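Summary of the model geometry
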There are 2 protein chains.
Amino acid sequence: MKVPGFGLSDKALRTREQPISYLMAAAVGNPDLISLAAGLVDYESLPIEVSHSLSGQILQDAKAGRIALQYGTTPGLKQLREALLAHLCKMEECEAADLGLTADNCVVTAGSQQALYIISDLLVNPGDIVITSAPTYFVYTGTLSSLGAEVLTVPMDDSGMRTDLLEELLEDLERTGRLDRVKIIYEVSYYQNPSGLSLSTERREHMVRLARRFSKHHRILVIDDAAYRELRYDGPTWPGIKRFDPENRFTATCMTFSKPFAAGYKTGYAFLPDDLVDPFLQQKGNHDFGSCNFAQHLIHRALNDGTYQTHVEKVRAAYRLKRDAMVDALAECMGDLRDEVSWTRPSGGLYVWLTLPECIDTGRDQWLFGRCLEKGVLYVPGAYCYASDPAPINRIRLSYGVVDPTSIREGVRRLAAAVREALQHDPATGRGGAARSQPTA
Amino acid sequence: MKVPGFGLSDKALRTREQPISYLMAAAVGNPDLISLAAGLVDYESLPIEVSHSLSGQILQDAKAGRIALQYGTTPGLKQLREALLAHLCKMEECEAADLGLTADNCVVTAGSQQALYIISDLLVNPGDIVITSAPTYFVYTGTLSSLGAEVLTVPMDDSGMRTDLLEELLEDLERTGRLDRVKIIYEVSYYQNPSGLSLSTERREHMVRLARRFSKHHRILVIDDAAYRELRYDGPTWPGIKRFDPENRFTATCMTFSKPFAAGYKTGYAFLPDDLVDPFLQQKGNHDFGSCNFAQHLIHRALNDGTYQTHVEKVRAAYRLKRDAMVDALAECMGDLRDEVSWTRPSGGLYVWLTLPECIDTGRDQWLFGRCLEKGVLYVPGAYCYASDPAPINRIRLSYGVVDPTSIREGVRRLAAAVREALQHDPATGRGGAARSQPTA
């Protein structure tokens, strides 16, 4: 019998495989491959002793254990949400009232990704506009495509999204009668994925001011994806974008324990404006009516007894070494190419952003990517990080998250060797020499 | 400055608060209240010792601990999915090939609710039709409303959904040119929430046959919500609906560890047809790119070393006593009203379904509900469990999940006293006496 296919929904038809899945599949079967692509976190600094101690405390106490193994609530453990608010206030060096927040504005989610998903789903109808910087976090733009959003991008520089250009874009959208479609401005404001760069304080203030000014048809929400905020190694600090929204009207802040603590607990959180809380919880009620309760109890204890804070320091120290390993290796292996090759030196987070000459296409079906696989190193082609065409073809996202320092250095050496070959390589003939005089971009 | 509201998406506007939230809120502030409404699980039988032992095994082994605290994968831990397939095969007493399944058909989810959400989101455009029995699980029908589905219902009897009437409905939809909108047939096939009743074997086969026969425009999916399957106390057993779909084309089976093990791990799973797996994972990639990894490692160990199976026996024994406590108390307190009041005797699951005379409205704004709150007992008004109007007004869902046997008996006593008063009560005057001769329904 001929069996017809399923009648997939419009949304399912719009949803594409995340590009990272392809990359991960490419890595399978080569145990010697060094992945500078994976967004995984450092194994060595994962809190196994801390977790053993805290889970023991919970499960040896019959009452505490039973509460942790029972269903939680849709918004998440109340005491945890109170601790998260206190945690945010400590980072902001202010009172909750200065941010217009109470613990009821806090929701606990399945990582920060679920917060990004639900907030966007609450606001975006197909055809609505979300503005991001270019480049930006590609998992989120994949989600936006699935929701049918039109993603408009604003260039960034070393100080994050160019808010002067954001202002021009919003003025242009107003002039052309499309301002009513703008729902969200999204920024990874600390040590951005993929560039490692942060939004300057002035631009944080400017971004909120623009959201307020252009909230004419409805309110425009600034999503501050602060996933990497706590992974600071050196350099300046910045207030959260919400600091410039003292009445908590125009900003949602999304954070996670996946990076500073343990990805395995899949626990994130968000601070929302008052009138988004109930709509958010109604959606989350339909998704899962509450995230892993056991993980919430464990994280609550970690925050409360200070082991979390101690652990974050340890994580920072580990990543600082790895950041140094990557940046030092880049200088060592490609320092002489500084006229043609440049990279960021992040003061936090997990990513270095590499810019090659425009004649080198870093795409997964191109020569360089294949050569790197042969040499045993995997990177994320930068084009994935651009939500709108034409995307620059000559960028690379490198992560020092999961790989140990020795492998970071070896991975960079392999990459640099492939780049040197590419600079000599003629993509037309497959032989060396002409690429630099015959740019393909 | 006047601040406009957010421009909520059509979906957000369609999404309503789950009725259970209101009920839970009603319970706050009355510590003496006995909730026969809550769908929580038994505290006493939660696996705290088992969890302590297993988490200790994982976290004392540096390598195992690090893997469990790292990110997992979107489909879930491969070894767990293999164990889940073996677990299903053991329940079905057959080989995986007899079900057309491999471990790649299995996805691990944030409870079975996430599986229900994503499967439905994959298939349903606003205006599409999902068919459920009446009554059915109200959290799922709330999700369907949020997705914009039209929910059509088929009456049930003691053997579950009346598939003869399902056949008539499908024929009618075909005749009226609406068959192309039918995407899903949903059934809680074991110890249904809310009725406690199960779908007979004949009807399981018939349901799949109907899905196959009416898959003319596209394939119609039968969702077998088997959340309560493992909570069997006595009585017959039934094969899973998927047993009648040996090529794994027309059925998705959703299960959970929340009921038989620990709700606090928020871990469920589903077995999907081949061509739904990738679309499902793409959606899940956008939701959270994988559920709590630590919980998956823990559950995998529990399944593998047999502690899960031992624990389920303990859980069954505990609920069997509680089921008996509730059914015995109903007989004791309302046995003399058997002409007017009836209830189910479930052979598994967590729910008893009570039918009062048609003159008694059990709704939350009605006399009986208020009187029960005064007396200190909470129930779920049966009307919530009907997705389409007019809903019977005289039903009640009682749960013996979370309450201890003594409180179950006391709760039933309080409820019975209120029902006796209602039978004497005149809703027009607020005084007793006339309700039985002046039905309000």
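The coordinates are above.
From a predicted model like this one, the values you see are computed outputs, not experimental measurements. (Residues numbered from 1 in each chain as written. Chains lettered and ligands numbered in written order. Predicted model: local features only at pLDDT ≥ 70, side-chain atom pairs only at ≥ 80, totals over all residues. Heavy atoms only, no water.)

Residue and element names in this part refer to chain A. Compared with an ideal rise of 1.5 Å per residue, which puts 15 residues at 21 Å, helix H5 (residues 78-92) spans 21 Å between its outermost C-alpha atoms and is within 8% of the ideal. All buried positions along H5 are accounted for by Leu80, Arg81, Ala83, Leu84, Leu85, His87, Leu88, Cys89 and Glu92. Just beyond H5, the residue with positive phi is Glu93, at close to 55°. (Helix = DSSP H or I, 4+ residues; strand = E, 2+ residues; numbered from the N terminus. Expected span 1.5 Å × (residues − 1). Buried < 20%, exposed > 50% of the residue type's maximum accessible area, 1.4 Å probe, protein only.)

The two faces of a sheet get side chains in turn, since along a regular strand they alternate between them. Residues and elements named next belong to chain A. With 4 of 5 residues buried, strand E14 (residues 395-399) lies mostly within the body of the structure. Alignment of strand E11 (residues 351-355) against E14, held across 5 bridges, turns out to be antiparallel. Residue pairing in the sheet places Val352 in a bridge with Leu398 of E14. Bridge count for strand E13 (residues 380-381) against E14 is 2 bridges, and the pairing is antiparallel. The partner of Pro381 across the bridge, within E14, is Ile396. (Pairing = 2+ DSSP bridges.)

All names here are of chain B. With respect to the element layout, Ala134 can be found in strand E3 (residues 129-134). Accessibility expressed as a relative area gives 15% for Ala134, which makes it buried. Sequence separation between Ala134 and Leu415 is 281 residues, and the spatial gap between their C-alpha atoms is 24 Å. Leave out the neighbours within four places in its chain, and Ala134 touches Thr153, Val154, Pro155, Met156 and Tyr386. (Contact = heavy atoms within 4.5 Å.)

Each side of the interface is counted separately: chain A has 83 residues, and chain B has 83 residues. Roughly 7,100 Å² of surface becomes buried between chain A and chain B when both sides are summed, with 60% attributable to carbon and sulfur atoms. Counting every contact that joins chain A to chain B gives 4 salt bridges. A salt bridge links Arg66(A) to Glu44(B); the shortest N-O distance between them is 3.7 Å. Linking chain A with chain B are 43 residue pairs in polar contact (both at pLDDT 80 or more). For the side of chain A that touches chain B, the secondary structure elements donating two or more residues are helix H1 (10-14), helix H3 (48-60), helix H4 (62-69), helix H6 (111-123), helix H7 (138-146), helix H10 (258-262), helix H11 (274-287) and helix H12 (293-304) of chain A. Ranked by residues supplied to the side of chain A that touches chain B, first place goes to H11(A) with 8 residues. (Buried area = accessible area lost by both parts, 1.4 Å probe. Salt bridge = Lys/Arg side-chain N within 4 Å of Asp/Glu carboxyl O. Polar contact = N/O pair within 3.5 Å; in protein donor to acceptor, adjacent residues only side chain to side chain.)

Turning next to the side chain of Thr109(B). Residues and elements named next belong to chain B. By the element assignment, Thr109 lies in strand E2 (residues 106-109). For Thr109, the side chain forms a polar contact with the main-chain oxygen of Gly111, separated by 2.8 Å. Only 3.5 Å separates the side chain of Thr109 from the backbone nitrogen of Tyr269, close enough to count as a polar contact. Residue contacts for Thr109: discarding those within four places in its chain leaves Gln114, Ala115, Lys266, Thr267, Gly268, Tyr269, Phe280, Lys284 and Ser291.

Here the focus is the sheet that holds strand E9 (residues 268-271) of chain B. Residues and elements named next belong to chain B. Strand order across the open sheet formed by 8 strands is E2-E9-E8-E7-E6-E3-E4-E5, with mixed pairing between neighbours. What marks the edges here is a single partner per strand, and that holds for E2 and strand E5 (160-161). The strands that helix H5 (residues 78-92) touches are E2, strand E8 (251-256) and E9; relative to E2, the one it contacts most, it runs at about 110°. In the packing of helix H11 (residues 274-287) onto the sheet, the strands contacted are E2 and strand E7 (221-225), and the crossing angle to E2 comes to about 20°. (Axes fitted to C-alpha atoms, helices over the stretch in contact; angles between N-to-C directions.)

Residue and element names in this part refer to chain A. As summarised here, the arrangement of the 8 strands in space is E2-E9-E8-E7-E6-E3-E4-E5, forming an open sheet in which the pairing is mixed. Unpaired on one side and paired on the other, strand E2 (106-109) and strand E5 (160-161) mark the two borders of the sheet. Sheet topology places strand E6 (residues 182-188) next to strand E7 (residues 221-225); 5 bridges connect them, and they run parallel. Across the sheet, the residue bridging to Ile184 is Leu221, located in E7. In the packing of H5 onto the sheet, the strands contacted are E2, strand E8 (251-256) and strand E9 (268-271), and the crossing angle to E2 comes to about 110°.

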